[in-house]
Amino acid sequence: MSSPSPVPAAVAARLDLFLALMRTESADYGAEAGTFLDAAARTLSGGKRLRARFCHAGWRAVARFGDRDAAEADALWDVCAALEIFQSAALVHDDLIDNSDTRRGRPAAHRALEASHREYGWSGDAESFGRASAVLLGDLLVAWSDDLLESALEGHPHARAVRREYARMRRDVTTGQFLDIAEESAWSVNDRSLYAERALRVVSLKSARYSIEQPLVLGGALAGADDDQMAALRRFGHPIGMAFQLRDDILGVFGDSSVTGKPAGDDLREGKRTVLVALTREGLDTSARNLLDEMLGDPELTAQQVSFLQATIADSGALEQVEAMIADYAREADRALSGARLDNASVGELRDLARAATVRSA
């Protein structure tokens, strides 16, 4: 049995230190700013710390290659924590875009800020306040992520390579997020045969690179990885990232809300044009496809309608197809590790992380 990961505790400690510093530097901003900082701090609690764990694993795979006994340094934990702050920023904006009410079983940030407005008895529209504040909250978290990254890289010998990868990650996920929301509208005027291909492009940019591949190579870059090692980490990370998001798409339709922390069928109400939906449409006749298109994206879908759509997706064969794709991506990633110039013990850790990312219920 593998030993517990040191990453969650180490990242939590780094985040606590950083938040204490932010509170000290913002002490004279006033009570309202304190509410804002409290909201930011709440977004940083909980979660699987997946990106931090992959970053840590990428660092170990390179730093310990050749039986080198490298010790984790402050810079590594700060980069891991910076990734988690950026993830929180993405989730705040994602929940706002998707009109999600909950996150990890708690009110989404814009809903929590809306509730604060009402609690304080402020004038004006509480919902508008919550949404506007959440935009700024996400921006603050992005700034915090950059602040912590720069602190980590001050004087570091591999700072340039890490900055380059971090910048690429930010560009990719932001563009991928736009393409995701664009597809919810653009699908109706595009070639039907390209739906799955377009959905896979969104998966690659919005999730695969950002969630798995880039954290891995950030860790590798911080450890001074050479071109071959970076290529191996990418060849492993990208297919695992694809499988991770495809699993997320399945959970967004079929997941247990008590485990995922989000309402069952949330992706159906949001109208997400995922690979799962694209493959479902390919397996339906015209009338069934039109009914699917009519129902998808209705925020008022009842539990019975969600069950109907779940059955439609499963009966079309799309669920089975996506499960097969996940398995194929996992095998592709595993092959990428064979013969890679990476630390052997860390390769085992990468395989454990791959299973955790692709075989999960939340």
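Placed above this text is the structure.
Here the structure is a predicted model, which means the values were calculated and not measured.

Engineer: Just checking my understanding: could you explain the side chain of Q87 for this structure?
Structural biologist: Within the secondary structure, Q87 sits in helix α4 (residues 74-98). Ignoring anything within four residues of it in the chain, the contact list for Q87 reads R51 and Y210.

Engineer: Help me understand the pattern of salt bridges in this model?
Structural biologist: Where charged atoms from two side chains of opposite charge come close, those side chains can pair. One pass over the full model with this rule turns up 32 salt bridges. Close ionic contact of E270 with K272 constitutes a salt bridge, the shortest N to O distance being 3.8 Å. Like K272, E270 is buried. A salt bridge links D334 to R351; the shortest N-O distance between them is 2.5 Å. Taken together, the residues D334 in helix α15 (residues 318-337) and R351 in helix α16 (residues 344-358) connect sequence positions 17 residues apart. Three or more residues joined by partner-sharing salt bridges are found here, namely D94, D98, D180, K206, E270 and K272.

Engineer: I would appreciate a short explanation of α16 in the present structure.
Structural biologist: Residues lying three or four places apart along an α-helix face the same way, a consequence of the helix completing one turn every 3.6 residues. Compared with an ideal rise of 1.5 Å per residue, which puts 15 residues at 21 Å, α16 spans 22 Å between its outermost C-alpha atoms and is within 8% of the ideal. Within α16, the full set of buried residues consists of S346, V347, L350, L353, A354, A357 and T358. With its buried residues spanning 115° around the axis, α16 presents them on a single face. Opposite the buried face of α16, at more than 90 degrees from it, the exposed residues are N344 and A345. Buried-residue contacts for α16 involve α3 (50-63), α8 (195-222), α9 (227-254) and α15.

Engineer: Could you clarify how one ought to interpret the packing of aromatic side chains in this entry?
Structural biologist: Centre distance and the angle of the planes are the two values used to describe a pair of aromatic rings. Enumeration according to the criterion identifies six aromatic pairs in this entry. Relative to W122, the ring of Y120 lies with its centre 5.1 Å away and its plane at 40°, an arrangement referred to as tilted. Accessibility expressed as a relative area gives 39% for Y120, which makes it partly exposed. Residue classification places W122 among the partly exposed residues on the basis of a relative accessible area of 32%. Put simply, the rings of F86, Y166 and Y210 pair up and form one aromatic cluster. A cation sits over an aromatic face here: R51 above Y210, 4.7 Å from the ring centre. Residue placement shows R273 over the ring face of W187; its charged tip is 3.7 Å from the ring centre.

Engineer: Quick question: what am I supposed to make of the state of the cysteines here?
Structural biologist: Here a disulfide denotes one covalent bond, and it connects the sulfur atoms of two cysteines. Under the definition given, this model contains zero disulfides. Among the cysteines around C80, which has no disulfide bond, C55 carries the closest sulfur, lying 4.0 Å off.

Engineer: Just checking my understanding: could you explain helix α1 (residues 7-25) for this structure?
Structural biologist: The first and last C-alpha atoms of α1 sit 27 Å apart over 19 residues, in line with the 27 Å expected at 1.5 Å per residue. Within the sequence span of α1, burial applies to V7, A10, V11, R14, L15, F18, L19 and M22. Taken around the axis of α1, the buried residues stretch over an arc of 165°, which confines them to a single face. Within α1, the exposed residues directed more than 90 degrees away from the buried face are A9, D16, L17 and T24. Looking at the buried residues of α1, the elements they touch are α2 (31-43), α3, α4 and α6 (126-153).

Quick notes on the rules
- Residues numbered from 1 in each chain as written.
- Predicted model: local features only at pLDDT ≥ 70, side-chain atom pairs only at ≥ 80, totals over all residues.
- Heavy atoms only, no water.
- Helix = DSSP H or I, 4+ residues; strand = E, 2+ residues; numbered from the N terminus.
- Contact = heavy atoms within 4.5 Å.
- Salt bridge = Lys/Arg side-chain N within 4 Å of Asp/Glu carboxyl O.
- Buried < 20%, exposed > 50% of the residue type's maximum accessible area, 1.4 Å probe, protein only.
- Expected span 1.5 Å × (residues − 1).
- Arc of directions from axis to C-beta.
- Phe/Tyr/Trp six-rings, centres within 6.5 Å; stacked < 30°, edge-to-face > 60°.
- Lys NZ or Arg CZ within 6 Å of the ring centre and 35° of its normal.
- Disulfide = S-S within 2.5 Å.

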